[in-house]
Number of protein chains: 2
Amino acid sequence: MHRLALSAVLVLAALSAAADPLPSWKDGPAKQAITGFVTDVTKAGGKDFVPPAQRIAVFDNDGTLWIEQPMYTQLAFVLDRLKVLAPAHPEWTEQQPFKAALEGDLATLGAAGSEGLLQLVIATHSGMTSAEFETIALDWIGAARHPRFQQPYTQLIYQPMLELLEYLRGNGFKTFIVSGGGADFMRPWSETVYGIPPEQVIGSQIAQRFEVRDGVPVIVREPEVAFIDDQAGKPVGIQRHIGRRPILAFGNSDGDIQMLQWTTGAPGPSLGLILHHTDAEREYAYDRESHFGRLDKALALAPENGWVLVSMKDAWSHLFPPTQGSQPDE
Amino acid sequence: MHRLALSAVLVLAALSAAADPLPSWKDGPAKQAITGFVTDVTKAGGKDFVPPAQRIAVFDNDGTLWIEQPMYTQLAFVLDRLKVLAPAHPEWTEQQPFKAALEGDLATLGAAGSEGLLQLVIATHSGMTSAEFETIALDWIGAARHPRFQQPYTQLIYQPMLELLEYLRGNGFKTFIVSGGGADFMRPWSETVYGIPPEQVIGSQIAQRFEVRDGVPVIVREPEVAFIDDQAGKPVGIQRHIGRRPILAFGNSDGDIQMLQWTTGAPGPSLGLILHHTDAEREYAYDRESHFGRLDKALALAPENGWVLVSMKDAWSHLFPPTQGSQPDE
Ligand SMILES: [Ca+2]
Ligand SMILES: [Ca+2]
């Protein structure tokens with residue numbers, strides 16, 4: 001579809017948004033599950049009414065709110081940062097997993113496992129102040145481009161999810177990110193991109209220390225992991241940070257199982273959703289075999305838990321926000 | 001003053017609140033500092049304007065929002081819980097610091113230091129699920145009475161601080177608790193009592209673990225400290241949880257020094273405040289020598305940092321909320 005025609009479609013979609021708060025969602029079971037749930041919990045006097053203060057909705061980030069292929073965006077950040085830092089670390093040319101990372105040897109990197117990955121994260125995410133890291137993350141996210149779409153990663157966010165976040169907030173929900181990724185990597189841009197302020201971003205964190213340096217108070221990022229917000233860490237992160245149980249959770253991989261269990265295993269109304277990447281043409285198609293965002297056990301657990309599978313290909317009419325320009329399928 | 005007359009005064013105070021958002025604050029430098037600051041940062045186009053999203057205000061709890069004498073309220077909770085749990089722990093009658101705690105031997109307890117206190121906290125705050133602990137905390141806070149005022153602790157909160165919280169929120173601020181006390185001890189009642197939802201309560205935390213028990217997902221509280229949100233831990237807790245710097249901080253003891261430094265040491269407008277307990281008649285008078293809420297170094301640091309001292313006796317016309325009934329001075 002020509003760009004101008006696309007714009008017209010999107011303007012029309014925006015105009016009809018008052019009638020349809022989720023214009024990029026096709027009619028179908030996923031959309032019905034969402035709107036039905038929101039209608040039920042907001043209906044004053046209804047049997048499933050939930051007071052606004054308890055309308056907590058949690059969203060995974062990678063592969064749920066934005067793209068995570070061909071690799072997690074934060075891993076692309078790590079690899080780029082390693083190149084910037086390499087001249088000061090000549091030992092990396094001999095030392096694994098740094099050598100593999102610098103050479104783009106993903107096979108060796110994969111073999112180094114999560115332990116190896118953690119070494120790379122620590123090397124690139126610590127040693128500076130919180131303010132310095134914020135600048136580094138913001139500069140990178142502004143400059144980096146996705147290898148396939150040649151767009152900034154913050155454009156490769158899912159328009160239907162933006163609409164869902166907005167729809168939930170418009171219905172008194174408070175929206176949180178609960179991600180295995182680094183909280184401080186997401187926070188500098190989460191408000192602009194998702195409308196989610198930094199204080200509603202829960203993620204993995206490295207240790208931090210306060211000190212007064214030459215009279216200036218700073219927070220220093222230390223080479224040690226403080227919290228991994230993935231798998232069983234997700235409900236723990238939710239409890240630590242929010243202190244109450246969500247009533248809606250949206251994820252896309254096995255790392256979200258426990259968050260979904262914690263959300264939908266509570267008494268009272270709740271909704272669990274799983275985005276299934278089924279759209280090789282417009283984005284990617286992957287599940288059980290993927291290195292990033294593997295969706296295997298969660299697929300098996302979905303039916304018995306009533307988790308709603310959202311097939312990207314079937315459920316979404318548009319993928320990325322209009323400012324991104326063209327989309328492969330349009 | 002007779003209770004009925006007091007009520008009339010308070011109704012009148014409420015009626016004039018539209019004109020004066022801080023009716024329990026006497027005119028003077030503290031009140032002027034607060035209203036001047038709020039006017040400056042909310043004035044669109046003004047040189048000190050701060051966008052609403054960045055209007056983060058952090059409040060210490062013990063001795064700042066509520067009473068902390070003759071001992072921290074959470075310590076009273078710990079001592080009561082130990083009595084409840086003692087029958088299942090016959091070894092405590094011989095074992096310190098449990099023996100001292102059960103006998104009310106505060107001297108021995110004090111000698112056991114923070115290490116000893118931590119043992120008591122862990123014994124009373126772990127081993128149950130998060131839901132069970134919430135019930136325990138709520139039941140206790142509803143039943144316990146302050147030894148001097150014979151009121152629930154949630155009535156021994158400071159009316160001027162309630163007004164300040166409300167005033168700030170009315171001016172686009174987001175209000176947070178940043179306390180050395182346990183987050184999960186405060187969260188069950190913070191919204192009702194302070195209008196601060198659990199997700200805006202930052203405090204010390206013990207380790208937690210997610211598990212599915214006979215098909216039911218639970219979070220189990222573990223006998224290990226995960227985070228101490230005091231002194232240098234306060235700015236770290238703020239950074240971990242909020243991810244941006246506050247522009248207003250209110251504390252009352254040396255434990256708040258780093259939070260005040262982190263807040264007022266930032267570029268741009270900021271306000272640091274210290275409540276000074278100077279009112280033995282209506283509440284308590286203490287600072288440098290107190291075991292709970294010692295205010296010593298922070299007093300010395302206040303002038304050079306521009307931190308505003310709020311003398312309870314001089315700055316506040318009322319201490320406790322009206323529903324509490326009578327106040328010693330009225
Ligand atoms: Ca994911
Ligand atoms: Ca205090």
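Reading the values: rules and limits
Residues numbered from 1 in each chain as written. Chains lettered and ligands numbered in written order. Predicted model: local features only at pLDDT ≥ 70, side-chain atom pairs only at ≥ 80, totals over all residues. Heavy atoms only, no water. Donors = N, O, S within 2.8 Å, 3.2 Å for Na, K, Ca; no water. Helix = DSSP H or I, 4+ residues; strand = E, 2+ residues; numbered from the N terminus. Buried < 20%, exposed > 50% of the residue type's maximum accessible area, 1.4 Å probe, protein only. Salt bridge = Lys/Arg side-chain N within 4 Å of Asp/Glu carboxyl O. Pairing = 2+ DSSP bridges. Axes fitted to C-alpha atoms, helices over the stretch in contact; angles between N-to-C directions. Contact = heavy atoms within 4.5 Å. Nonpolar A, V, L, I, M, F, W, Y, C, P; charged D, E, K, R; others polar. Expected span 1.5 Å × (residues − 1). Domains from an automatic or database assignment. Buried area = accessible area lost by both parts, 1.4 Å probe. Parallel < 35°, antiparallel > 145°, perpendicular 65-115°, else oblique. Least-squares fit on C-alpha atoms with pLDDT ≥ 70 in both. Polar contact = N/O pair within 3.5 Å; in protein donor to acceptor, adjacent residues only side chain to side chain. pLDDT = per-residue confidence, 0-100.

J.: Sorry if this is basic, but what is going on with the coordination of the calcium ion (ligand 2) here?
T.: Ideal geometry at a metal centre: 109.5 degrees between donors when four sit tetrahedrally, and 90 or 180 degrees when six sit octahedrally. Residues and elements named next belong to chain B. For the calcium ion (ligand 2), the protein coordination sphere consists of Asp60 (OD), Asp60 (OD), Asp62 (O) and Asn252 (OD1), at 2.2 to 3.1 Å. Sequence positions of the residues that donate to the calcium ion (ligand 2) give the spacing D-x1-D-x189-N. Highlighted residues: aspartate 62 in the loop between strand E1 (56–59) and helix H3 (73–85) and asparagine 252 in the loop between strand E5 (248–251) and helix H11 (257–264), separated in sequence by 190 residues. The buried category is assigned to asparagine 252, whose relative accessible area is 2%.

J.: Explain the pattern of salt bridges here, please?
T.: Two side chains that carry opposite charge are able to pair once their charged atoms sit near each other. Per the counting criterion, the structure on display carries 36 salt bridges over all chains. Close ionic contact of A:Glu103 with A:Lys99 constitutes a salt bridge, the shortest N to O distance being 3.4 Å. Remark: A:Lys99 and A:Glu103 occur in helix H4 (residues 98–103); sequence separation between them is four residues, near one turn of the helix. When the shortest N-O distance is used, the salt bridge between A:Arg288 and A:Asp296 registers 3.5 Å. Using a relative accessible area of 40% as the deciding quantity, one classes A:Arg288 as partly exposed. Because the salt bridges share partners, they merge into one network encompassing A:Lys174, A:Arg244, B:Glu191 and B:Glu199.

J.: I keep staring at the sheet that holds strand E1 (residues 56–59) of chain A and nothing clicks. Help me out?
T.: Pairing between the strands of a sheet comes from backbone hydrogen bonds, and it takes one of two forms, parallel or antiparallel. All names here are of chain A. Here we have seven strands laid out as an open sheet, ordered E4-E3-E2-E1-E5-E6-E7, and mixed in their pairing. For this open sheet the edge positions go to strand E4 (216–227) and strand E7 (308–311), each flanked by a neighbour on one side alone. Each strand of the sheet is rotated relative to its neighbour by a mean of 35°, with strand direction disregarded. Pairing between E1 and strand E2 (residues 174–182): four bridges, direction parallel. Residue pairing across strands places isoleucine 56 opposite lysine 174, the latter belonging to E2. Of the strands in this sheet, E1, E2 and strand E5 (248–251) are in contact with helix H8 (residues 159–170), which crosses E1 at around 165°. Running over the sheet, helix H11 (residues 257–264) touches E1, E2, E5 and strand E6 (271–276) and is turned about 155° from E6.

J.: I tried to follow the environment of A:Trp25 on my own but got confused; where do I start?
T.: Residue and element names in this part refer to chain A. Within the secondary structure, tryptophan 25 sits in the loop between helix H1 (3–15) and helix H2 (29–42). By relative accessible area, which is 2% here, tryptophan 25 ends up buried. Along the backbone, tryptophan 25 and alanine 315 are 290 residues apart, and their C-alpha atoms lie at a distance of 5.8 Å. If we skip the residues at most four places from it in the chain, tryptophan 25 touches Ala30, Lys31, Ile34, Pro160, Met161, Glu163, Leu164, Phe250, Val310, Ala315, Trp316 and Ser317.

J.: What's the story with the interface of chain A and chain B in this structure? I'm lost.
T.: When the parts of a complex come together, some accessible area is lost, and that lost area is often used as the size of the interface. With 33 residues of chain A at the contact, the number on the chain B side is 33 residues. Summed over the shared surface of chain A and chain B, the number is six salt bridges. At the level of elements, E2, helix H9 (183–194), strand E3 (201–213), E4, helix H10 (233–241) and H11 of chain A are the ones that each hand at least two residues to the side of chain A that touches chain B. Classifying every residue of the side of chain A that touches chain B gives 15 nonpolar, ten polar and eight charged.

J.: I keep staring at the coordination of the calcium ion (ligand 1) and nothing clicks. Help me out?
T.: Here the calcium ion (ligand 1) is held by the protein donor atoms A:Asp60 (OD), A:Asp60 (OD), A:Asp62 (O) and A:Asn252 (OD1), which lie 2.2 to 3.1 Å from it. A relative accessible area of 6% means that A:Asp60 is categorised as buried.

J.: Could you clarify how one ought to interpret helix H6 (residues 113–125) of chain B in this entry?
T.: Because an α-helix completes one turn every 3.6 residues, residues spaced three or four positions apart along the sequence face the same direction. Residues and elements named next belong to chain B. Given a rise of 1.5 Å per residue, 13 residues ought to cover 18 Å, and the 18 Å separating the end C-alpha atoms of H6 matches this to within 8%. If you check which residues of H6 are buried, you get Gly116, Leu120, Ile122, Thr124 and His125. On its buried face, H6 sits against H3, helix H4 (98–103), helix H5 (106–111), helix H7 (130–143), strand E3 (201–213) and strand E4 (216–227).

J.: Honestly, the domain arrangement of chain A in this entry has me stumped. Any pointers?
T.: All names here are of chain A. Each assigned domain of chain A is listed with its residue range as follows: domain 1 (3–69 + 157–324) and domain 2 (73–143). Look at where the C-alpha atoms of domain 1 and domain 2 centre, and you get two points 26 Å apart. Residue-level contacts link 21 residues of domain 1 with 18 residues of domain 2. Across the domain 1 to domain 2 interface the summed buried area is about 1,500 Å²; carbon plus sulfur atoms make up 72%. In terms of surface lost to domain 2, no three residues of domain 1 exceed Phe185, Pro188 and Arg221, which account for 42% of the buried area on that side. In this structure, the connection of domain 1 to domain 2 is made through zero salt bridges.

J.: What exactly am I supposed to notice about the packing of H3(B) against H7(B) here?
T.: Packed helix pairs are characterised by how far apart their axes lie and by the angle those axes make with each other. All names here are of chain B. One way to put it is that H3 packs onto H7 with a least axis distance of 11 Å and a crossing angle of 105°. In terms of orientation, H3 lies roughly perpendicular with respect to H7. Counted together, Thr73, Ala76, Phe77, Asp80 and Arg81 of H3 and Phe133, Ile136, Ala137 and Trp140 of H7 form the full contact between these two elements. Split by residue class, the contact of H3 with H7 holds six nonpolar, one polar and two charged.

J.: Any chance you could explain the relation of the copies chain A and chain B here in plain terms?
T.: The two copies are related by a screw operation: chain A maps onto chain B through 180° of rotation and 0.0 Å of translation along the axis, at an RMSD of 0.0 Å. Such a combination of turn and shift is consistent with a two-fold rotation axis. In terms of C-alpha distance to the rotation axis, chain A has A:His241 as its closest residue, with the C-alpha 3.5 Å off the axis. Of the interface residues in chain A, 100% have counterparts in chain B that sit at the interface too, so the contact is made through matching surfaces.

J.: Would you take a moment to explain H9(A) for this structure?
T.: All names here are of chain A. Compared with an ideal rise of 1.5 Å per residue, which puts twelve residues at 16 Å, H9 spans 14 Å between its outermost C-alpha atoms and falls more than 12% short. Among the twelve residues in H9, ten count as buried, and that is most of the element. Considered for burial, the residues of H9 that qualify are Ala183, Asp184, Phe185, Met186, Arg187, Pro188, Trp189, Ser190, Val193 and Tyr194.

J.: For this particular structure, what's the right way to read unusual backbone geometry?
T.: With the exception of glycine, the majority of residues adopt a negative phi angle, and the majority of peptide bonds are in the trans configuration. Residue and element names in this part refer to chain B. The linkage connecting glutamine 69 with the following residue, proline 70, adopts the cis geometry, with an omega of 5°. Relative to the helices and strands, proline 70 is located in the loop between E1 and H3. Of the consecutive residues glutamine 96 and proline 97, the connecting peptide bond is found in the cis state with omega at 0°. Notably, glutamine 150 is not glycine yet its phi reads approximately 50°, a positive angle. Residue placement: glutamine 150 occurs in the loop between H7 and helix H8 (159–170). A positive phi angle, close to 50°, is found at glutamine 231, a residue other than glycine. Mapped onto the fold, glutamine 231 is located in the loop between E4 and helix H10 (233–241). The class of glutamine 231 is partly exposed, set by a relative accessible area of 45%.

J.: When you look at the side chain of A:Lys174 in this model, what are you seeing that I'm missing?
T.: On the secondary structure map, A:Lys174 appears in strand E2. At 3.0 Å, the side chain of A:Lys174 forms a polar contact with the side chain of B:Gln200. With sequence-adjacent residues up to four places away left out, A:Lys174 is seen in contact with A:Arg55, A:Ile56, A:Ala57, A:Gln200, B:Pro197, B:Glu199 and B:Gln200.

J.: Hey, could you run me through the confidence of the model for chain A in this one?
T.: Should the pLDDT be low somewhere, the predicted coordinates at that spot are not to be read in detail. All names here are of chain A. For chain A, mean pLDDT is 93; residues scoring 70 or higher make up 92% of the total. The weakest mean pLDDT in chain A belongs to H1 at 58; the strongest belongs to E1 at 99. Segment residues 324–330 is flagged for pLDDT under 50; beyond a separation of four residues in sequence, or across chains, it makes 19 contacts in the model.

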